[in-house]
Amino acid sequence: MREENATPRPGDSDDGYSRRSVLRTAGIAGAGLGLGAFGASQAQAAEAGEAAAAEAAAPPRRGRTMIGVPFETHSTVRVGIVGLGNRGGSMIDLFLAQPGVQVTALCDPVVDKVERAAKKVVDAGQPAPATYTKGDHDFEQLCERGDIDFVYVATPWDWHFEMAKTAMLNGKHVGVECPIAMTVKELWDLVDLSERTRRHCMQLENCAYGKNEMRVLRMAHAGLFGNLLHAAGAYNHDLRGLMFDPDYYEGPWRRLWHTRLRGDLYPNHGFGPTANYMDVNRGDRVTHISSFGTPALGLAEYREEHMPSGDPSWKETYIGSDRTFSMLQTAKGRVIRLEHDVSTPHPYSRINSLGGTKGVFEDYEPRIYLEPMHTDDRWHDFADFAEYDHWLWKEHSDPPGGHGGMDYIMIFRLMQCMRLGLVPDFDVYDAVTWTAPVPLSHLSIKAGGKPQPIPDFTRGGWKDERPGVDSEKPDEA
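Residues numbered from 1 in each chain as written. Predicted model: local features only at pLDDT ≥ 70, side-chain atom pairs only at ≥ 80, totals over all residues. Heavy atoms only, no water.

A.B. asks: Please provide a residue-by-residue account of the overall build of the chain, values included.
C.D. replies: Helix and strand counts for the chain come out as 15 helices and 14 strands. Taken across its 477 residues, the chain has 62% of its residues classed as buried. Here the contacts in the chain between residues at least 6 apart in sequence split such that 77% fall between residues at least 24 apart. (Helix = DSSP H or I, 4+ residues; strand = E, 2+ residues; numbered from the N terminus. Buried < 20%, exposed > 50% of the residue type's maximum accessible area, 1.4 Å probe, protein only. Contact = heavy atoms within 4.5 Å.)

A.B. asks: Which residues make up the sheet that holds strand β3 (residues 130-132), and what values do they have?
C.D. replies: Strands in a sheet are paired, the pairing made by backbone hydrogen bonds, and the direction either parallel or antiparallel. What the six strands build is an open sheet, ordered β3-β2-β1-β4-β5-β6; its pairing is parallel. Lying at the two open borders of the sheet, with one neighbouring strand each, are β3 and β6 (201-203). Across this sheet, the average inter-strand angle for adjacent strands is 25°, counted without regard to direction. In this sheet, strand β5 (residues 173-176) lies alongside strand β4 (residues 150-153) in parallel orientation, the contact comprising four bridges. Of the residues in β5, the one forming a bridge with Y152 is G175. Lying over the sheet, helix α5 (residues 160-169) contacts β1 (77-82), β4, β5 and β6, oriented at roughly 165° with respect to β5. (Pairing = 2+ DSSP bridges. Axes fitted to C-alpha atoms, helices over the stretch in contact; angles between N-to-C directions.)

A.B. asks: Mind laying out the pairing of strand β9 (residues 324-330), listing which residues take part and the relevant values?
C.D. replies: Put simply, side chains in a regular strand alternate between the two faces of the sheet. Side chains T324, S326, L328 and T330 project from β9 onto a buried face, and the interleaved F325, M327 and Q329 project onto a face without burial. Summarising the sheet, strand β8 (residues 286-293) and β9 pair through seven bridges and their orientation is antiparallel. Its bridge partner being in β9, I289 is matched across the sheet by L328. Judged from the six bridges that link them, β9 and strand β10 (residues 335-341) form a sheet pairing that is antiparallel. If you follow S326 over to β10, its bridge partner there is L338.

A.B. asks: For the packing of helix α6 (residues 184-197) against helix α14 (residues 428-435), give the residues involved together with the corresponding values.
C.D. replies: As a packed pair, α6 and α14 sit with axes 10 Å apart at the nearest point and diverge in direction by 175°. Judged by the angle between their axes, α6 and α14 are roughly antiparallel. In this structure, α6 contributes L187, L190, V191, S194 and E195 to the contact, and α14 contributes V428, Y429, V432 and T435. Its residues placed into classes, the contact of α6 with α14 shows six nonpolar, two polar and one charged. (Parallel < 35°, antiparallel > 145°, perpendicular 65-115°, else oblique. Nonpolar A, V, L, I, M, F, W, Y, C, P; charged D, E, K, R; others polar.)

A.B. asks: Quick one: what's the story with helix α13 (residues 406-420), residue by residue and with numbers?
C.D. replies: Here α13 contains 15 residues, and its C-alpha end-to-end distance of 21 Å stays within 8% of the 21 Å for a straight helix at 1.5 Å per residue. Across the 15 residues of α13, 14 count as buried, placing the element largely inside the fold. Count one or two residues on from α13 and you reach G421, which has phi positive near 70°. (Expected span 1.5 Å × (residues − 1).)

A.B. asks: Lay out the nonpolar core with the relevant residues and their values.
C.D. replies: By size, the foremost hydrophobic cluster in this structure holds 102 residues, and its most contacted members are F150, L190, F225 and M415. Top contributing element to this core by residue count: α13, with nine residues. Every residue in contact with M415, bar those within four places of it in the chain, is listed here: V77, V79, F95, Q98, V101 and F150. By size, the runner-up hydrophobic cluster in this structure holds 22 residues, among which are Y235, L239, M243 and M307. (Core = buried A, V, L, I, M, F, W, Y, C linked by side-chain atoms within 4.5 Å.)

A.B. asks: Talk me through the side chain of D149; I want residue IDs and the actual numbers.
C.D. replies: Along the polypeptide, D149 turns up in the loop between α4 (139-143) and β4. Judged by relative accessible area, D149 falls into the buried class, the value being 11%. Beyond its immediate sequence surroundings of up to four residues, D149 is in contact with H74, T76, V77, R78, K172, H173 and M418.

A.B. asks: Provide a residue-level description of the sheet that holds β10, including the pertinent values.
C.D. replies: What the eight strands build is an open sheet, ordered β13-β12-β11-β7-β10-β9-β8-β14; its pairing is mixed. The open sheet terminates on both sides in strands that have one partner only, identified here as β13 (367-370) and β14 (452-453). Sheet topology places strand β11 (residues 353-356) next to strand β12 (residues 359-362); three bridges connect them, and they run antiparallel. Bridged to G356 within β12 is G359. Along the sheet, helix α15 (residues 437-446) makes contact with β8, β9, β10 and β14, crossing β8 at roughly 55°.

A.B. asks: Describe the packing of aromatic side chains, with residues and values.
C.D. replies: Considering all chains together, one arrives at 18 aromatic pairs under this definition. With centroids separated by 5.9 Å and ring planes inclined at 70°, the aromatic side chains of Y209 and F426 adopt a geometry described as edge-to-face. Of the two residues, Y209 sits in the loop between β6 and α7 (211-221) while F426 sits in the loop between α13 and α14, which places them 217 residues apart along the sequence. A centroid spacing of 5.4 Å and a plane angle of 75° characterise the contact between F426 and W434, whose relative ring orientation is edge-to-face. Of the two residues, F426 and W434, neither departs from the other in class, the shared state being buried. Above the plane of the ring of Y266 lies R254, whose end atom (NZ or CZ) is 5.2 Å from the centre. Here the basic side chain of R367 rests over the ring of W379, its NZ or CZ set 5.2 Å away from the ring centre. (Phe/Tyr/Trp six-rings, centres within 6.5 Å; stacked < 30°, edge-to-face > 60°. Lys NZ or Arg CZ within 6 Å of the ring centre and 35° of its normal.)

Here is the structure:
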């Protein structure tokens, strides 16, 4: 089985190509973690305040900005992992492969998953980690430990906000798989918590570290595209078989989100890289989103063809658009297009396109056209621009792990920043901006495409140019 995260490029390893980790919900047989934590009634109640929250001015700042705030230095970064399913169970290998990193604690209600992960830690020559398996909230005890610097969260979406909040309140930096939260209020709360606790809260967007994405980013910063005009990203990945597979998820938590929201449920893989190209939160910002969605037919048709009549899925009514299209406007007038489709048959694509006054790049398959090098109105080979590869990819030309190595590059860089006391490549403002299309695309679709304001989570800090993923190689001496 394969995961929703990213990227079946030619030559990619299947190692770690897995789903987000899943924790079990006590008392909901076969339903999976979080079905009661943010069910249909809660989603409807939260939706009622979303439009007002998006329109409202930024709430009063209760702490200081986290823009430009470095990590404290760590001779050893001590990591606690919450969620050890397909995603977390593979990512632990990458943490263990990093210099100066120790996995000190593990949490998942499924005991055998924790035992397998703990064995990996010991086999890597590290002390046996502390383990937490006593129900859905045992992560709270993990976060209270004094021997953890960073909490990695790889659980169903319903729990991301609560776990990030708990980690920060206990003095831990935290990195969360996509999306980081599900409502505008939760996004603002994460900003507030990060600023008050002085802990970094990061969306671990691995596609921002893809080899192609990082090359395009450096080319954009070198001016090869001229003045930037438009970009596009997507998560178009046929997940029907996985969402109906009873052995893949421990409960249908992901599929059930298609009964709750109509919009783009997973914008981060497309939005993160394109936001980086446009220097969003670093000299520009997204101001509005307008979204449209197709009818929700794909999951019901798949169920009709593949699921027995007594399957619990027959009680579900799907409202999530089979494909969503979102247009985002920036303060500088540029446009980002996002797409999402996990409910219909099609080859995998993140689109990954960037255009400016000097030319355009398009991915899947990668191709490029740039003036003055190209004047013949036909696509050219993107490999010709390998000189612009980021130093991380030059230093780690054949990284281990799944998704073509981007997972490893992301974890290496994050742990490097923590060890050396550097400013992280992205922060809480990026995390919440990249996730904002989840609730706001839903509202826009319900309003017939009416533009929805995207809050300025930086409270004006976006106006200042600053480094991001296009980083300089640090001095390790």
